[in-house]
Amino acid sequence: SIISIKKKDPSTLSRWILKEQQKYPKAKGDLTVLLNSVQLACKIIANAAKGAGIYNLYGITGEENKSGDIVKKLDTFSNESMINCISFTGTVPIMASEEAENSIIVPNCDQPKYCVVFDPLDGSSNIDANVSIGTIFGIYRIEDPKKPQDSDLLQKGEKLVCSGYAMYGHSTMLVLTFGDEVNGFTLDPQIGEFILTHRRIQIPEKGSIYSINEGNAKDFDKVVTTFIHRCKNPTKGSPKKARYIGSMVADIHRTLLYGGIFMYPATKDSPNGKLRLLYELNPLAFIVEAAGGKASTGSAPILSLQPTSLHQRQPCFFGSKADVEEIEALYASTT
Ligand code: AHG
Ligand code: MN
Ligand code: MN
Ligand code: MN
């Protein structure tokens, strides 16, 4: 079907970003340039992911990153694409990436204004199996433009200017929030534009899906074990469905649209869980909360945490308000 781009309708991501900027008369368009640069990186990564089998982008690099993950070829390609596209803006002096041990300093950045935290390729274990993967990003203001530093990257998630994720599935989507509402755009490869397809995503109040890697069940605490038991043996109604993709972006995207709860609690190997606060949990928590859901540590909002290091991990419970509040009530009753 021919895309009906109506005159007044900001139905492409590029126009949406421009419209958003027009709300702030004093805005110089720096955020517009930055978001369009991130959009470009996601299109480049989408193209590489689609052709990974052809362009020899499957497999590993033989390196390990700061989190101890085996680095895949597409991790490295995506990381370089994000760094190159974001550096072009001239307004981002410093960034944090899952694939960089320390913060990335952008040389001769003459108008320091924003910093970006990102997971260039989320769900790397699924790349070679052609299962949905993604890119996650969050944008903060630089606190003192005269002195960009790591603390700019370690701001609380509640200080995010905007955050989003791209999801490389049977269609490529980009979901974005400025904190007030969540909108989803689908890439039309014929015109190379992300088209608005999911206006004001609102997560269902309660869901019938639970999402967790039950391979770690022997390590779960009493609360998680009790909650999962309740999912399988409800006092009334039918058991919840178990769905676990293993790419956080895909599990969160499904949770946003269908409702339910996604959990990555502490395990023996990872007493702080596996997922990284800065570039996985905070940007996705900003989205889930803006869609009317909750993102919790089990006892506090993820967005309220004060990060202390770039790659720190954090147990997490994301999803429909009622489901996450059930977990929080269980934790509250055990203290
Ligand atoms: P990444 O590929 O960026 O390292 O992230 C992988 C994460 C996340 O996407 C997913 O939710 C989780 O790893 C899956 O972990 P398990 O394989 O331990 O379930
Ligand atoms: Mn990884
Ligand atoms: Mn990830
Ligand atoms: Mn990653």
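Residues numbered from 1 in each chain as written. Chains lettered and ligands numbered in written order. Predicted model: local features only at pLDDT ≥ 70, side-chain atom pairs only at ≥ 80, totals over all residues. Heavy atoms only, no water.

*Asks:* Describe in detail the overall build of the protein, supporting the description with residues and values.
*Replies:* When its secondary structure is counted, the protein shows eight helices and 15 strands. For 335 residues, the compact-globule estimate of 2.2 N^0.38 gives 20 Å, and the protein sits close to it at 19 Å. If you line up the protein on its principal axes, its C-alpha atoms span 55 × 45 × 45 Å. For the protein, the proportion of its 335 residues judged to be buried stands at 56%. (Helix = DSSP H or I, 4+ residues; strand = E, 2+ residues; numbered from the N terminus. Rg over C-alpha atoms; globule rule 2.2 N^0.38 Å. Buried < 20%, exposed > 50% of the residue type's maximum accessible area, 1.4 Å probe, protein only.)

*Asks:* Describe the coordination of the manganese ion (ligand 4), listing the residues and the values that go with them.
*Replies:* In the first shell of the manganese ion (ligand 4), the protein supplies E98 (OE), D119 (OD) and L121 (O), at 2.0 to 2.3 Å from the metal. All donors to the manganese ion (ligand 4) come from one chain, and their sequence spacing reads E-x20-D-x1-L. Between the manganese ion (ligand 4) and the manganese ion (ligand 2) the interatomic distance comes to 3.8 Å, and E98 is a ligand of both metals. (Donors = N, O, S within 2.8 Å, 3.2 Å for Na, K, Ca; no water.)

*Asks:* Outline the UniProt feature "domain: Fructose-1-6-bisphosphatase class 1 C-terminal" (unreviewed entry) in the protein, listing residues and values.
*Replies:* Per the UniProt record, "domain: Fructose-1-6-bisphosphatase class 1 C-terminal" (unreviewed entry) is annotated on residues 203-331. As annotated, residues 203-331 has a helix share of 36% and a strand share of 12%, and its two end C-alpha atoms lie 23 Å apart. (UniProt positions renumbered as here; feature names shortened; annotations may be inferred.)

*Asks:* Tell me about the UniProt feature "domain: Fructose-1-6-bisphosphatase class I N-terminal" (unreviewed entry) in the protein, and name the residues and values.
*Replies:* Under the UniProt annotation, "domain: Fructose-1-6-bisphosphatase class I N-terminal" (unreviewed entry) lies at residues 11-198. Split by type, residues 11-198 is 27% helix and 31% strand. Its first and last C-alpha atoms lie 10 Å apart.

*Asks:* Which residues make up the pairing of strand 3 (residues 94-97), and what values go with them?
*Replies:* Side chains of strand 3 alternate between two faces, with I94 and A96 and M95 and S97 buried alike. Between strand 3 and strand 4 (residues 104-105), which pair antiparallel and follow one another directly, the connecting turn spans six residues. Where strand 3 lies against strand 5 (residues 114-122), three bridges are found, and the strand directions are parallel. Counterpart to A96 in the pairing with strand 5 is V117. (Pairing = 2+ DSSP bridges.)

*Asks:* For the side chain of T89, give the residues involved together with the corresponding values.
*Replies:* Structurally, T89 is set in the loop between helix 3 (73-87) and strand 3. Filtering out sequence-adjacent residues up to four positions away, T89 remains in contact with V33, L34, S37 and Q111. (Contact = heavy atoms within 4.5 Å.)

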